[in-house]
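One letter stands for each residue in the lines below.
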Amino acid sequence: MTALQWLLFIAIVQIIHGFGTWKLYEKADRKSWEAFIPVYNAIVLMQIINRPKWYTFLLFIPVINLIMFPVLWVETIRSFGYNSSKDTLYVILTFGLYIYYINYTQKPSYIVDRSLVPSNKTADIVSSLLFAIVVATFVHTYFIQPFTIPTSSLEKSLLVGDFLFVSKFNYGARVPMTTVAAPMVHDSLPFVKIKSYTTFPQLPYFRFPGFEKIKNNDIVVFNWPTDTLYNMYKVADKRYDKPIDKKTNYVKRCVGIAGDSLQIIDGIVFINGEKLILPERAKPQYYFKIILKESTADVIKKEYAITESYPIFEIKNEIWDKEALKTELIKNYAFNEVGRDSLTSVVQGDIDQNIYNKLGLEFSSSYFYGNLTDQKYEQIKTDSRIKSVERKIRKDTEDGIFPDMKDGIPSTTHQWNNDNFGPIYIPKKGATVAINKQTLPFYKKIINEYEENDLQVNGNEIRINGQVSTTYTFKQNYYWMMGDNRHNSLDARYFGYTPENHIVGKPIFIWMSIDGINDGIKNWSIRWDRLFTTVSGEGQPQSYFKFFLIFLAGYFAFDYFKNKKKKKKDSL
């Protein structure tokens, strides 16, 4: 919604409130016109219903106000003697319009000193629950949000099953753009798996000032820019245009910030021509071919904690000509390597039973592919059971790599892949770039979607908002987000730039970590060394769990002796 539309919407709400309550204001010895003045009418209403004036602030916080409005409707009618369960039900089911009925058809009496103590246990529970939801939603939205690592894109820096606290205030809390949504859930309601929000009305993007800027190497939570799924549980059946703050949450490392030039050479990131030096805690993984002299792949994988590996198959069927086999596999089965020069060829990929039988495939017992950190590589290459460890660097053109254009606009002629990519420019707010058929693929989504311009391309002519354009000036900053697990991460190499208005927050703390989180509760095991560890900082992570336990024991001891002393004093 535009600013004018929001002003009109607020004006309509004020008129509805005024005409529905002005007589009640008079009954409470206030002026009828006070019911029509924005903000002031809410302050006066808080006085009428005997609630703190600061409650007015809660009415202007998206999502929280959805909880507060029903509370105020109920409090209003109870301030005029309508306390029955039936009255409460009516005012909620009519979205507050039951107050019109009372205002115009009844003769209510204002209760000056109405008791705010809940009349029964059920009312007390409901009141406490609502208060807890309001507080939790406020903290969740503007300060700290819990987040779970669902995939291995940052393995081994962050692990699947890590439970994080994500700070909203480091980079500045973003005001929710989606104003009508269930509190403390994302795009879907749990269990029923339906949308948790409505797309109307939408607030314009606004972010409170933070106390730090995003820096190179920061781990960042953000909304996946190209998310077009109905919800996080559903396989894509068609495109769904979701509000920015309801797009799926991703967590990656920000390797490039606005204004940087980025290039990837043999898997190594270069920023502005210099190799990006990762922090000590970063544990990037790369793709290695591991050939064994003895032992088995399973033993080696378990011993070195290689959680991501890929089998290699040996083809024993010699009727296949090598080049014909390569063509067949790449064309029909999306295999991306055919290996040795001997009659036994090596391939990697997903294989169904038919092709497995047809080619006479069997798992190789002598070697496999695995993702390794530099530390694991140094360890495994000296193992006497290992014949060789070779890092695999992709050289061919990779389908789907950014910018992957399939909508009629010519793509770049660069033959890039996830190991060799760029250089590219990461857009900065206020910076101007040349726009032509060669550069447009990089910035098309920014111009058309992220910054909501009308983009038209006719041959070599590019029109932005109806005007022929040869340059474009960016309206916000952009970032380049990548996973540390370089060969198993859906990241910026595939979806491109992340706009500033998609930034959610900064992970700061791991409060729980469960190994086997996706394997069923019977297979869960707690990673005790990761509990209460910080995400960022110098040196290797250190667990503060023991200090937490000491503090907790101290608190309970203090509370026990305090209560014991109080009981002794009361008994005298």
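In case you missed it, the structure is sitting above this.
Below, the structure is looked at part by part. (Residues numbered from 1 in each chain as written. Predicted model: local features only at pLDDT ≥ 70, side-chain atom pairs only at ≥ 80, totals over all residues. Heavy atoms only, no water.)

Moving on: helix 5 (residues 85-93). Note on helix geometry: an α-helix contains 3.6 residues per turn, so any two residues three or four positions apart are oriented the same way. Taken residue by residue, helix 5 has Asp-87, Thr-88 and Val-91 as its buried positions. The buried residues of helix 5 occupy an angular sector of 100° when projected down its axis, which confines them to one face. Exposed positions of helix 5 whose direction lies more than 90 degrees from the buried face are Ser-85, Lys-86 and Leu-93. In this structure, the buried side of helix 5 is in contact with helix 4 (64-78) and helix 6 (98-105). Trailing helix 5 by a residue or two, Phe-95 shows a phi angle of about 55°, which is positive. (Buried < 20%, exposed > 50% of the residue type's maximum accessible area, 1.4 Å probe, protein only. Helix = DSSP H or I, 4+ residues; strand = E, 2+ residues; numbered from the N terminus. Arc of directions from axis to C-beta. Contact = heavy atoms within 4.5 Å.)

This next bit is on the sheet that holds strand 18 (residues 461-464). Read from one edge to the other, the open sheet built from three strands follows the order 17-18-19, with strand pairing classed as antiparallel. At either end of the open sheet lies a strand with only one pairing partner, and these are strand 17 (455-458) and strand 19 (467-468). Note that strand 18 and strand 19 share two bridges and pair antiparallel. Within the sheet, the bridge partner assigned to Ile-464 lies in strand 19 and is Gln-467. Sheet strands in contact with helix 12 (residues 440-450) are strand 17 and strand 18, and its direction is about 145° off that of strand 17. (Pairing = 2+ DSSP bridges. Axes fitted to C-alpha atoms, helices over the stretch in contact; angles between N-to-C directions.)

The subject of this paragraph is the pattern of salt bridges. Two side chains bearing opposite charge may form a pair once their charged atoms approach each other closely. The final tally for this structure, using the stated rule, is 23 salt bridges. Here Arg-385 makes a salt bridge to Asp-383, at a shortest N to O gap of 2.7 Å. The exposure class assigned to Asp-383 is buried, which follows from its relative accessible area of 11%. Note that Arg-493 and Asp-491 form a salt bridge whose closest N and O atoms lie 2.9 Å from each other. Looking at Asp-491, the relative accessible area reads 0%, which means it is buried. Taken together, the shared-partner salt bridges in this structure form one network comprising Asp-162, Asp-515, Arg-527 and Arg-530. (Salt bridge = Lys/Arg side-chain N within 4 Å of Asp/Glu carboxyl O.)

Turning our eyes to something else, we now look at the sheet that holds strand 5 (residues 261-265). What the four strands build is an open sheet, ordered 7-6-5-15; its pairing is antiparallel. In the strand order of this sheet, the two ends are held by strand 7 (274-275) and strand 15 (421-425), each with one partner. Note: strand 5 against strand 6 (residues 268-271), four bridges, orientation antiparallel. Within the sheet, the bridge partner assigned to Ile-265 lies in strand 6 and is Ile-268.

To continue, consider the environment of Tyr-425. Looking at the element boundaries, Tyr-425 is found in strand 15. For Tyr-425, a relative accessible area of 25% gives the class partly exposed. Residues Tyr-425 and Gly-259, spaced 166 residues apart in sequence, show a C-alpha to C-alpha distance of 6.9 Å. The contact partners of Tyr-425, leaving out residues within four places of it in the chain, are Gly-259, Asp-260, Ala-431, Val-433, Tyr-443, Phe-474 and Tyr-497.

Our focus in this paragraph is the packing of aromatic side chains. Using the criterion set out here, one finds 43 aromatic pairs in the structure. Between Tyr-250 and Phe-495, the aromatic rings sit 6.3 Å apart at their centres with planes inclined by 70°, giving edge-to-face as the arrangement. Of the two residues, Tyr-250 sits in strand 4 (residues 249-256) while Phe-495 sits in helix 13 (residues 492-495), which places them 245 residues apart along the sequence. Comparing Tyr-250 with Phe-495, the two get one shared label, buried. Centroid distance Tyr-560 to Phe-561: 5.2 Å. Interplanar angle 75°. Geometry classified as edge-to-face. Judged by its relative accessible area of 53%, Phe-561 falls in the exposed class. An aromatic cluster is defined as three or more aromatic residues linked by ring pairs; in this entry it consists of Phe-402, Trp-416, Phe-421, Phe-442, Tyr-443, Tyr-450, Tyr-472, Phe-474, Tyr-478, Trp-480 and Tyr-497. It is Lys-301 that lies over the ring of Phe-368; its NZ or CZ is 5.5 Å from the centre. Stacked on the ring of Tyr-286, the Lys or Arg Arg-391 has its end atom at 4.1 Å from the ring centre. (Phe/Tyr/Trp six-rings, centres within 6.5 Å; stacked < 30°, edge-to-face > 60°. Lys NZ or Arg CZ within 6 Å of the ring centre and 35° of its normal.)

Let us now look at a nonpolar patch on the surface. Nonpolar side chains collect at one region of the surface, where Phe-131, Val-135, Val-139, Phe-143, Phe-169 and Phe-211 lie side by side and expose about 560 Å² of accessible area between them. As for its placement among the helices and strands, Phe-131 is situated in helix 7 (residues 121-142). Looking at Phe-131, the relative accessible area reads 53%, which means it is exposed. (Patch = residues over 30% accessible without salt bridge, like charges linked within 9 Å, V, L, I, M, F, W, Y side chains within 5 Å. Areas by Shrake-Rupley, 256 points an atom, 1.4 Å probe, with all protein chains shown as cover.)

Here we take up the pairing of strand 5. Of the two faces of strand 5, the one holding Leu-262 and Ile-264 is buried and the one holding Ser-261, Gln-263 and Ile-265 is not buried anywhere. Taken together, the three bridges between strand 5 and strand 15 define a ladder with antiparallel strand orientation. Looking at the pairing, Ser-261 lines up with Tyr-425 of strand 15. Two successive antiparallel strands, strand 5 and strand 6, enclose a turn made up of two residues, where Asp-266 displays a positive phi of approximately 50°.

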